[in-house]
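Residue-level structure breakdown
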Amino acid sequence: MVLDQIPVGNLFCQRDTFARQLVTKCISCSEKPNKQGFYEVKLYDTVLFPEGGGQPSDTGYIDNVKVHNVQRQKLAHVHYTKEPITQGADVEVKLDWERRWDHVQQHSGQHLLSAVLERSPFFIETISWNLGERRSYIELPTAAGKNKGPEMIIQQELLQKVEIKVNELILQNRPVITHSQQADELEEHPDSLPDDYPSETGKGYIRTIEIKDLDKNPCCGTHVAELSQLQCFKILHTEKVRGGNTRVFFLFGQRVLDSFQTMYTISRQLTSLLSGPQEQFIESIQKIQHQSREHMKGAKRLLEQLAAYTVKEIEQALLNDSSLIVIYKEDGDMEFLNKVANIIRDRQVLEKQFNKKVVIVLAAGEQKTGGPIVVIGTENEIVQKTGKLVMKTLSGVKGGGKGRWQDSGAGIYSLLPFGLRTVEKIERIIDEEMQAIGGEKLSLPILLNPDSWKRTGRWDGAKGEVVMMIIIIIMRKILTLSLI
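A quick note: this is a predicted structure, and the numbers were derived from the prediction, not measured.

**Examining helix H5 (residues 281–319)**
Between its terminal C-alpha atoms H5 stretches 56 Å, which fits the 57 Å expected from 39 residues at 1.5 Å a residue. Within H5 the residues assigned to the buried category are Phe 281, Ser 284, Gly 298, Leu 303, Leu 306, Ala 307, Ala 308, Thr 310, Val 311, Ile 314, Ala 317 and Leu 318. In the stretch just after H5, Asp 321 is the one whose phi turns positive, near 65°.

The following block contains the structure:
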């Protein structure tokens with residue numbers, strides 16, 4: 001004898017919200033997984049709620065096989081598993097109670113919240129709701145015309161009154177009663193009944209959830225037995241959405257406690273970081289923001305000065321008949337390189353070279369992670385050739401632009417013997433290309449005379465920069481080949 005399933009509407013989980021397990025029979029199981037990789041299992045009855053009424057489905061186990069989802073198909077309930085269940089076998093269904101109880105608190109809480117809003121003195125209906133993973137919301141018709149009047153603004157004062165009223169009702173501990181009738185016993189069916197729920201067969205059930213002396217609404221979900229089980233209620237914030245409606249985000253029960261614990265933990269950490277209590281957080285952060293803006297202004301001024309000094313060094317190198325100049329700043333970025341390039345343009349540094357062919361390579365970023373590269377020159381042809389060499393030498397590099405080439409390199413690395421031979425080959429190619437366009441190779445001294453630094457007042461405050469420049473000069477050949 002083949003058993004018919006207990007229909008959705010009269011499931012064990014709907015008759016007893018607090019039941020956590022059930023012994024029942026497996027009626028059928030698909031021979032193969034569906035396209036999503038799940039077996040479709042039908043049980044005679046179930047303690048796992050199938051998704052519906054805005055409430056997500058329960059999860060749990062059939063014996064030791066995890067149930068990932070439960071869905072309603074007309075009157076049927078289908079469990080989705082990654083492993084098959086033996087047809088005809090007696091099985092034990094176990095519920096993930098923590099997930100169920102969370103859904104129960106949020107769903108019953110939404111009934112209470114909407115009931116309060118619909119009554120005096122608020123008279124605001126709920127047009128939809130959503131039970132989210134961390135927070136839920138109801139949507140209110142606040143747009144002009146939708147609330148039978150002008151646009152409604154949900155003020156904080158109104159929300160505070162609603163919050164107080166809901167928490168008062170929780171303390172009153174009113175009973176929550178579930179009424180269930182066979183669909184064919186009712187003259188009229190609720191508008192909220194899904195179109196694919198075959199109530200006309202006489203097998204369907206219509207359930208109504210009543211909050212004593214306050215509200216009565218059709219609903220298929222699982223609910224608390226009394227309002228005190230909601231524990232507490234908190235409104236979070238509102239958001240304007242499509243068509244001018246307003247969403248009110250909220251928490252009930254354990255979610256309020258969990259949220260408070262998270263915020264309290266963060267508050268304690270901020271108290272330590274900001275050296276002050278939470279009452280002073282905003283003031284402390286505003287002070288930090290102001291200081292940060294001032295520091296950014298100062299850093300920008302210093303960056304501009306550094307860029308100007310860098311261009312002076314380039315001009316000096318050009319006076320020494322250099323045709324290939326490489327500037328590398330490890331702690332620089334694209335903004336710095338752009339400032340240098342812009343100053344070169346504004347001062348017409350390249351234009352002053354007349355018939356001389358010059359290439360300037362600007363690079364920045366840490367050696368391990370790489371950074372931006374900018375190539376500029378007196379002629380577009382040599383800029384593009386240099387850019388092609390960069391793309392050929394460094395992996396993952398792209399770039400282009402008339403008279404200028406830029407992109408981000410993949411870093412500068414130590415060279416093993418094979419890599420060194422490759423670099424030497426590239427060096428020969430560069431020498432040939434530069435000679436072909438009339439360039440001349442220049443060898444700079446390793447040690448620099450500090451007199452020019454002292455005369456400009458940079459020696460005492462920028463010895464690190466001098467050291468970096470010396471390092472760059474020592475590594476000039478390798479850096480040049482790594483970057484171009």
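**Digging into the packing of helix H4 (residues 254–274) against H5**
Closest axis-to-axis distance for the H4/H5 pair is 11 Å, and the angle between their directions is 50°. The angle between H4 and H5 places the two elements in the oblique class. Seen along the crossing, H4 lies across H5 with a hand that is left-handed. Contacts between H4 and H5 involve Ser 267, Leu 270, Thr 271 and Leu 274 from the former and Phe 281, Ser 284, Ile 285 and Ile 288 from the latter. Broken down by class, the residue content of the contact of H4 with H5 amounts to 5 nonpolar, 3 polar and no charged.

**Things to note about the pairing of strand S13 (residues 246–252)**
The element S13 is largely enclosed, with a buried count of 7 among its 7 residues. Pairing geometry for strand S8 (residues 136–140) and S13, over 5 bridges, is antiparallel. Along S13, the bridge assignment pairs Ser 136 with Phe 250. One ladder, built from 6 bridges, connects strand S12 (residues 233–240) with S13; its direction is antiparallel. The partner of Thr 238 across the bridge, within S13, is Val 248.

**A few points about the packing of aromatic side chains**
Overall, the coordinates contain 9 aromatic pairs when judged by the stated rule. Seen from their ring centres, Phe 18 and Trp 101 are 5.8 Å apart, and the 45° between their planes marks the pair as tilted. Of the two residues, Phe 18 sits in the loop between helix H1 (12–15) and strand S1 (21–29) while Trp 101 sits in helix H2 (residues 97–118), which places them 83 residues apart along the sequence. Following the ring pairs from residue to residue traces out a cluster consisting of Phe 18, Trp 97 and Trp 101. Lying across the ring of Phe 38, Lys 82 places its NZ or CZ 4.3 Å from the centre. Directly above the ring of Phe 249 sits Arg 135, whose terminal nitrogen or CZ lies 4.8 Å from the centroid.

**Regarding helix H3 (residues 156–172)**
Here H3 spans 25 Å end to end across 17 residues, near enough to the 24 Å set by a 1.5 Å rise per residue. Buried residues of H3: Leu 159, Val 162, Glu 163, Val 166, Leu 169 and Ile 170, and no others. On an axial view of H3, the arc spanned by its buried residues comes to 130°, and they lie on one face. H3 presents Glu 157, Ile 164 and Leu 171 as exposed residues on the side facing more than 90 degrees away from its buried surface. As for H3, its buried residues are in contact with H2, S12 and S13. Phi turns positive, to about 55°, at Asn 173, one or two residues after H3.

**Concerning the environment of Leu 171**
Along the chain, the position of Leu 171 falls in helix H3. Sequence spacing of Leu 171 and Leu 230 is 59 residues, and the spatial spacing of their C-alpha atoms is 9.5 Å.

**Description of the sheet that holds strand S9 (residues 176–182)**
Spatial ordering of the open sheet is given by S9-S10-S11, a layout of 3 strands whose pairing is antiparallel. In the strand order of this sheet, the two ends are held by S9 and strand S11 (215–218), each with one partner. Ignoring strand direction, the axes of neighbouring strands in this sheet form an average angle of 20°. In the sheet, S9 pairs with strand S10 (residues 205–211) via 7 bridges, with the strands oriented antiparallel. By the bridge assignment, Gln 181 is partnered in S10 with Ile 206.

**Describing the environment of Leu 274**
Position of Leu 274 relative to the elements: it lies in helix H4. Residue Leu 274 is classed as buried on the basis of its relative accessible area, which comes to 17%. Along the backbone, Leu 274 and Ser 284 are 10 residues apart, and their C-alpha atoms lie at a distance of 6.6 Å. Contact partners of Leu 274, with chain neighbours within four places excluded, come to Phe 281, Ser 284, Ile 285 and Ile 288.

**Let's talk about the side chain of Arg 247**
In this fold, Arg 247 is placed in strand S13. Take Arg 247: its relative accessible area is 18%, and that puts it in the buried class. Within the structure, Arg 247 has its side chain in polar contact with the side chain of Tyr 137 (distance 3.4 Å). The residues touching Arg 247, leaving out its near neighbours within four places in the chain, are Tyr 137, Ile 138, Glu 139, His 237, Thr 238, Glu 239, Val 241 and Arg 242.

**With respect to the packing of H2 against H3**
Their axes nearest at 10 Å, the elements H2 and H3 cross at an angle of 125°. The angle between H2 and H3 places the two elements in the oblique class. The two elements H2 and H3 cross, and the hand of that crossing is right-handed. Mapping the contact onto sequence places Leu 112, Leu 113, Val 116 and Leu 117 in H2 and Val 162, Lys 165, Val 166, Leu 169 and Ile 170 in H3. Of the residues belonging to the contact of H2 with H3, the class tally is 8 nonpolar, no polar and 1 charged.

**Thoughts on the sheet that holds strand S3 (residues 60–62)**
Taken together, the 6 strands give a closed barrel; going around it, the order is S1-S2-S5-S4-S3-S6, and neighbouring strands pair in antiparallel fashion. For this sheet, the mean inter-axis angle between neighbouring strands, taken without regard to orientation, is 45°. Two elements, S1 and strand S6 (residues 90–95), share 5 bridges in a ladder whose sense is antiparallel. Within the sheet, the bridge partner assigned to Lys 25 lies in S6 and is Asp 90.

About the criteria used
- Residues numbered from 1 in each chain as written.
- Predicted model: local features only at pLDDT ≥ 70, side-chain atom pairs only at ≥ 80, totals over all residues.
- Heavy atoms only, no water.
- Helix = DSSP H or I, 4+ residues; strand = E, 2+ residues; numbered from the N terminus.
- Expected span 1.5 Å × (residues − 1).
- Buried < 20%, exposed > 50% of the residue type's maximum accessible area, 1.4 Å probe, protein only.
- Axes fitted to C-alpha atoms, helices over the stretch in contact; angles between N-to-C directions.
- Parallel < 35°, antiparallel > 145°, perpendicular 65-115°, else oblique.
- Left-handed = near helix turned anticlockwise from the far one by under 90°.
- Contact = heavy atoms within 4.5 Å.
- Nonpolar A, V, L, I, M, F, W, Y, C, P; charged D, E, K, R; others polar.
- Pairing = 2+ DSSP bridges.
- Phe/Tyr/Trp six-rings, centres within 6.5 Å; stacked < 30°, edge-to-face > 60°.
- Lys NZ or Arg CZ within 6 Å of the ring centre and 35° of its normal.
- Arc of directions from axis to C-beta.
- Polar contact = N/O pair within 3.5 Å; in protein donor to acceptor, adjacent residues only side chain to side chain.

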